[in-house]
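# Tertiary structure, described
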Amino acid sequence: MDQGSDELVIQPRRAAQWFLGILAALLFFHIIGYVLEAAGVSKDQGMVRFFDMNREYNFPTFFTAQLMFISSLLLFAIAFGERQDKGSFRRWMGLAAIFLFLSADEISGIHEQLSMLVVLPENWKRLVFFRYPWVIPYLLLAALLAVVYWQFFFKLPERTRLYLALAACLYLGGAVVMESFSGFLAESGRWRSWKIIVTLEELLENLGLVIFIYTLISYAGNRLSSFRIRFGASSEKAGGGE
């Protein structure tokens, strides 16, 4: 940018530390909520309800949705920065659209509604991974994305691939594996174990998203060093008119 102009610099490490600090605070209040619930406080009371990571429309849900939305914005920015390469542009834009949808899904609970539309044979429902029917279409989508993005993934820098793989393993481990297992525990009435798994589920999901954001910022900083966002001034002078 021009000499003397202001510039916003986003450091990946500082961004990750900031998000991890918020996540740690939410996790602390989530655990405090469980302690209060065990002490006889209603689960619909303020702290218990607003910080329960397994409930919808509260602070943890909003935080997760914002992580997804920020991921989407970063993906859009990277796509714009690599717009000269049509193949890369389409791949980054596709990911940006997916994370924008996931952000809306987290807030509105689209996947919960989808469970009502997916009809499974009774013997399938006994399997751990099919306790929540929405897992099936989402796993199919993940498999499709793996096929579509396979070559693109291996064209990325090695360090970027490593962190993206780690982020994906953490997120899917929480969103699919732990959530499915929590459904099994809930149906068997093992509520103490269920609460531990649910907490681990949300922790893994959010850790995966934080690492994903860290990776995107690092990638953009290394590959798109000339990328800037500028605000154009109006052609009319302030307060002026003819």
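Just so it is clear, the structure is predicted and the values come from calculations on it, not from any experiment.

## Side note on the overall build of the protein chain
Looking only at helices and strands, the protein chain features nine helices and zero strands. Secondary structure elements in the protein chain, listed N-terminal to C-terminal, are α-α-α-α-α-α-α-α-α. Taking the contacts inside the protein chain whose residues are at least 6 apart along the sequence as the reference set, 67% of them involve residues at least 24 apart. Carbon together with sulfur atoms contributes 64% to the accessible area of the protein chain, which is approximately 15100 Å² in total.

## Overview of the packing of aromatic side chains
All told, the structure shown has 12 aromatic pairs when counted by the stated rule. On the numbers, 5.4 Å between centres and 70° between planes, the contact of Phe28 with Phe29 is edge-to-face. In this structure Phe29 comes out as partly exposed when scored by relative accessible area, which is 29%. Pairing Trp92 with Phe152 gives two aromatic rings, centres 5.2 Å apart and planes at 80°, and the pair type is edge-to-face. Here Phe152 lies in helix 7 (residues 150-155) and Trp92 lies in helix 4 (residues 86-108), a separation of 60 residues in the sequence.

## Remarks on the confidence of the model for the protein chain
For the protein chain, mean pLDDT is 82; residues scoring 70 or higher make up 78% of the total. For residues 238-242, every residue scores under 50 in pLDDT, and the model assigns this stretch zero contacts once sequence neighbours within four places are set aside.

## Some remarks on the nonpolar core
With 49 residues, the main nonpolar core has Phe19, Leu67, Leu75, Trp92, Phe212 and Leu216 as its most contacted residues. For this core, the secondary structure elements donating two or more residues are helix 1 (12-38), helix 3 (59-81), helix 4, helix 6 (135-148), helix 8 (158-187) and helix 9 (191-223). Of all the elements, helix 9 adds the most residues to this core, at 13 residues. The residues contacting Phe212, other than those within four sequence positions of it, are Ser71, Leu75, Phe99, Leu164 and Ala167.

Each value, and the rule that gives it
- Residues numbered from 1 in each chain as written.
- Predicted model: local features only at pLDDT ≥ 70, side-chain atom pairs only at ≥ 80, totals over all residues.
- Heavy atoms only, no water.
- Helix = DSSP H or I, 4+ residues; strand = E, 2+ residues; numbered from the N terminus.
- Contact = heavy atoms within 4.5 Å.
- Areas by Shrake-Rupley, 256 points an atom, 1.4 Å probe, with all protein chains shown as cover.
- Phe/Tyr/Trp six-rings, centres within 6.5 Å; stacked < 30°, edge-to-face > 60°.
- Buried < 20%, exposed > 50% of the residue type's maximum accessible area, 1.4 Å probe, protein only.
- pLDDT = per-residue confidence, 0-100.
- Core = buried A, V, L, I, M, F, W, Y, C linked by side-chain atoms within 4.5 Å.

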